[in-house]
2 protein chains.
Amino acid sequence: MSALQNDRLIRALLSQPVDRTPVWMMRQAGRYLPEYRELRAQAGSFMNLCQNPELACEVTLQPLRRFDLDAAILFSDILTVPDAMGLGLYFEPGEGPRFERPLRDAAAINALTIPDVDTSLRYVTDAVTKVRQALAGRVPLIGFAGSPWTLATYMVEGGSSKDFRHIKALAYDQPALLEQLLSKTASAVTHYLNAQIEAGAQALMIFDTWGGALAHDAYPRFSLAFAEQIIDGLIRERDGQRIPVVFFTKGGAVWLERIAQCGADALGVDWTISLTQARARVGDQVALQGNLDPSILYAEPHVITREVERVLAEFGHGSGHVFNLGHGIHPQIPPEHVQVMVDAVHRLSAVWHE
Amino acid sequence: MSALQNDRLIRALLSQPVDRTPVWMMRQAGRYLPEYRELRAQAGSFMNLCQNPELACEVTLQPLRRFDLDAAILFSDILTVPDAMGLGLYFEPGEGPRFERPLRDAAAINALTIPDVDTSLRYVTDAVTKVRQALAGRVPLIGFAGSPWTLATYMVEGGSSKDFRHIKALAYDQPALLEQLLSKTASAVTHYLNAQIEAGAQALMIFDTWGGALAHDAYPRFSLAFAEQIIDGLIRERDGQRIPVVFFTKGGAVWLERIAQCGADALGVDWTISLTQARARVGDQVALQGNLDPSILYAEPHVITREVERVLAEFGHGSGHVFNLGHGIHPQIPPEHVQVMVDAVHRLSAVWHE
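Residues numbered from 1 in each chain as written. Chains lettered and ligands numbered in written order. Predicted model: local features only at pLDDT ≥ 70, side-chain atom pairs only at ≥ 80, totals over all residues.

A. Representation of the overall build of chain A within the structure. Along the backbone of chain A there are 16 helices and 11 strands. Rg of the C-alpha trace for chain A: 19 Å, near the compact-globule value of 20 Å for 354 residues, within the 12% margin. Taking the principal axes of the C-alpha coordinates as reference, chain A spans close to 60 × 45 × 40 Å. Relative to its 354 residues, chain A shows a buried fraction of 55%. Within chain A, contacts between residues at least 6 apart in sequence are counted, and of these 72% link residues at least 24 apart. (Helix = DSSP H or I, 4+ residues; strand = E, 2+ residues; numbered from the N terminus. Rg over C-alpha atoms; globule rule 2.2 N^0.38 Å. Buried ≥ 20, exposed ≤ 12 C-beta atoms within 10 Å, placed from the backbone. Contact = placed C-beta atoms within 7 Å.)

B. View of the environment of leucine 292 of chain B. Residue and element names in this part refer to chain B. Structurally, the position occupied by leucine 292 is in strand E10 (residues 287-292). On the basis of neighbour count, leucine 292 is assigned to the buried category, with 24 C-beta atoms found within 10 Å. Along the backbone, leucine 292 and leucine 69 are 223 residues apart, and their C-alpha atoms lie at a distance of 16 Å. In contact with leucine 292, other than residues within four places in its own chain, are Trp271, Glu307, Val308, Val311, Leu325 and Gly326.

C. Here's a closer look at the interface of chain B and chain A. Listed as interface residues are 26 residues of chain B and, on the opposing side, 26 residues of chain A. Counting residues per element, the side of chain B that touches chain A draws most heavily on helix H10 (residues 165-173) of chain B, at 5 residues. In terms of residue class, the side of chain B that touches chain A is built from 12 nonpolar, 7 polar and 7 charged. (Nonpolar A, V, L, I, M, F, W, Y, C, P; charged D, E, K, R; others polar.)

D. Up close: the sheet that holds strand E9 (residues 266-268) of chain B. Residues and elements named next belong to chain B. The sheet built from 7 strands is open, its strands ordered E1-E4-E5-E8-E9-E10-E11 with parallel pairing. Looking at the sheet topology across the chains shown, the edges are occupied by strand E1 (72-73) and strand E11 (321-325). Summarising the sheet, E10 and E11 pair through 5 bridges and their orientation is parallel. For leucine 292, the partnering residue across the bridge sits in E11 and is leucine 325. Together, E9 and E10 form the strand contacts of helix H14 (residues 275-282), whose direction differs from that of E10 by roughly 160°. (Pairing = 2+ DSSP bridges. Axes fitted to C-alpha atoms, helices over the stretch in contact; angles between N-to-C directions.)

E. Representation of the pairing of strand E8 (residues 245-249) of chain A within the structure. Residue and element names in this part refer to chain A. Most of E8 is tucked away: 5 of the 5 residues are buried. Across the two faces of E8 the burial is the same, with Val245, Phe247 and Thr249 and Val246 and Phe248 all buried. Note that strand E5 (residues 203-208) and E8 share 5 bridges and pair parallel. Looking at the pairing, methionine 205 lines up with valine 246 of E8. The pairing of E8 with strand E9 (residues 266-268) spans 3 bridges and is parallel. Within E9, the residue paired with phenylalanine 247 across the bridge is leucine 267.

F. Representation of the packing of helix H9 (residues 148-157) of chain A against helix H10 (residues 165-173) of chain A in the model. Residues and elements named next belong to chain A. Following both chains from N to C, one finds H9 and H10 inclined at 105°, their axes separated by 8 Å at the closest point. Classified by the angle between their axes, H9 and H10 sit roughly perpendicular to one another. Of H10, the residues touching H9 (which contributes Ala152, Thr153, Val156 and Glu157) are His166, Ile167 and Leu170. Looking at side-chain class alone, the contact of H9 with H10 contains 4 nonpolar, 2 polar and 1 charged residues. (Parallel < 35°, antiparallel > 145°, perpendicular 65-115°, else oblique.)

G. Layout of unusual backbone geometry. Residue and element names in this part refer to chain A. Look at the link from glycine 290 to asparagine 291: it is a cis peptide, with omega at -5°. Backbone geometry places alanine 136, a non-glycine residue, at a positive phi of 50°. Mapped onto the fold, alanine 136 is located in the loop between helix H8 (122-135) and strand E4 (141-146).

H. Structural detail: helix H5 (residues 80-87) of chain B. All names here are of chain B. Most of H5 is tucked away, with 7 of its 8 residues classed as buried. Along H5, the positions that sit buried rather than exposed are Thr80, Val81, Pro82, Asp83, Ala84, Met85 and Leu87. Looking at the residues trailing H5, positive phi occurs at glycine 88, about 75°.

I. Summary view of the confidence of the model for chain A. With 100% of its residues at a pLDDT of 70 or more, chain A shows a mean pLDDT of 97. For this predicted complex, the interface confidence score (ipTM) comes to 0.94, while the overall pTM stands at 0.96. (pLDDT = per-residue confidence, 0-100.)

J. Highlighting the pairing of strand E3 (residues 96-99) of chain B. Residues and elements named next belong to chain B. Across 4 bridges, strand E2 (residues 89-92) lies against E3 in antiparallel orientation. Following the sheet pairing, tyrosine 90 is matched in E3 by arginine 98. Following E2, the chain reverses through 3 residues before pairing antiparallel with E3; glycine 94 in that reversal takes a positive phi of roughly 75°.

K. Highlighting the sheet that holds strand E1 (residues 72-73) of chain A. All names here are of chain A. What the 7 strands build is an open sheet, ordered E1-E4-E5-E8-E9-E10-E11; its pairing is parallel. Lying at the two open borders of the sheet, with one neighbouring strand each, are E1 and strand E11 (321-325). Seen against the sheet, helix H15 (residues 301-315) touches strand E10 (287-292) and E11 and runs at an angle of roughly 155° to E10.

L. How the structure looks around the relation of the copies chain B and chain A. Taken as rigid bodies, chain B and chain A are interconverted by a rotation of 180° and an axial shift of 0.0 Å, the fit giving an RMSD of 0.0 Å. Here the two chains are linked by the operation of a two-fold rotation axis. Rotation axis and chain B: the residue whose C-alpha lies nearest the axis is valine 254 of chain B, separated from it by 2.5 Å. Of the interface residues in chain B, 100% have counterparts in chain A that sit at the interface too, so the contact is made through matching surfaces. (Least-squares fit on C-alpha atoms with pLDDT ≥ 70 in both.)

M. Region of interest: the environment of alanine 260 of chain A. Residue and element names in this part refer to chain A. Structurally, the position occupied by alanine 260 is in the loop between helix H13 (256-259) and E9. Note: C-alpha distance between alanine 260 and phenylalanine 247 (13 residues apart in sequence) is 9.1 Å. Residues contacting alanine 260, with those up to four places away along its chain left out, are Leu267, Val282, Gln285 and Val286.

N. Fine view of the packing of helix H11 (residues 175-199) of chain B against helix H12 (residues 218-232) of chain B. Residues and elements named next belong to chain B. Two elements in contact, H11 and H12, have axes whose closest approach is 9 Å; the angle formed by their N-to-C orientations is 35°. Crossing hand, H11 versus H12: right-handed. Facing Leu178, Leu182, Ser183, Ala186, Val189, Thr190 and Leu193 of H11, the residues of H12 in contact are Phe222, Phe226, Gln229 and Ile230. Among the residues forming the contact of H11 with H12, the class breakdown is 8 nonpolar, 3 polar and no charged. (Left-handed = near helix turned anticlockwise from the far one by under 90°.)

Following this line, the structure appears as structure tokens:
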């Protein structure tokens, strides 16, 4: 495969010097783009897009045709893994993801097996390879997965949840059983991410979207420990190049010192903490990725530019910063506003790397 | 009105010594109680319950008949204030609260007036007086309101929101206009809370349910500043008795040092931080109220007891702790589990006050 022409993302995630701050966006391939909506309408469903490597590749590349981003991220969904574990993923219109067979008892959790990635998730690794070929070294490709805790919330609740009723009851009543589920899921995710590396992914991100819903003493036990299990099992070098890993717990700012010890090269950070503070709290253990409030992209261009400048200044001088939103881009954001943000990062970040 | 026989709540909120830790629950009068569901079915709607002082009084007292709680909290809703400001509150079945006339432009915000509490919110103050009479000094009555930021999210979005799209666009594009709305709302809330004190409320709580959705630099500007405006304007003593004020920002643990300076006597704390840490971070500026994860009440009795013990131990010795959940009780919790929690606080807390 082609050598990397733009390695800013890789270097920044490894806290190595760069000429300007690299920028990409969580959910950069998605609904805010009219060309995405068009392709999705043609495909008939979200899962048809994910499961067709040609279409997943095309969607992955769409934002890179519009914006001078420093990374591509595979278009897929975190719930591909529990689907491959046999839970029966489907989407209820207007309701989000659902599982036909949620896990509610010991029998269901005991019976769960770790999927053969080469067969049941082949559509994902095929898409990774296609994207790598299509990118031809322009920018690196990020592979990703959900954290075991975040995946388990869907697997136990059967879909999205506000109060995480069933999984929290499991956590408090039968913690060993939940740990069994989380450990199996961590093994499945480890195989899945390593398969993405083998197929061509050049950096990895683990999304812990719901870790912030846990109590302070439950978070390290039920979320962080299993992210660590994954990170311990990942291929960290490929063709002589280190594969950086980013771990992101939405709502985890209060626990940042502890999260910084998880073994990841970088942490995702949401907008509830300034990068000045975040950097002071994690020291040089990890790079940081973030953290513009996605809602700022609703604002006028001069406000977006000012807020980009603020985030860059909050991180300050030196390496170890990847510019991103603090969470996924909202579907109603005008693409022109993304252009303003990307341009501002390009124009305003070089001064922090002199 | 009758003298207070059980003043543990008042004393603990003022960081004065008590014999055991007082306990009450956010949303203790509500849907998890079958007698509440029965009364609500008879009343026809949630707002009929709120707006009828006899019914609101009855609902307020229901949990006190079952459990040996150390406080009553008025049964009402935070959205009574924007409703009185003319926005037209209604409830869409299964969809939560909605406003007929959300505020989306300068004309609507300029036209907004501060309601006359004595007429438009008389049903609330009448309920306060009735509850005080019915309690006959058994425990103190807590009055409450939403924070201006939290109320404004509903007023601008027109109902509940996931991404706070319209209000955040307002915050970034027209901050002075949003501040005008927040300041008017703060004035309305100040009058409202003072009227509750005049009617008999013996402690106050301000709920900032959505403050945690703000960016670190937006929170002090758009939420905390207007909570401070309210607190500055409150009657703090009545009949020689200090009226304690509790301020609670859900998701605010990361900003706790700053919040502790808001002028409140106590802070509500959610379950993302241990009370040991919270206490170390706020020092002796404020008492703390919290912070059991409400989901723990789904667990078995012995687990609930163990977790109550943990929360008490995390706060440790001395005064300044009111036991509570870290957020409102969920509607599906069995009332018997609440009994287990309340009994455990009674039984296990005395040792921390010796």
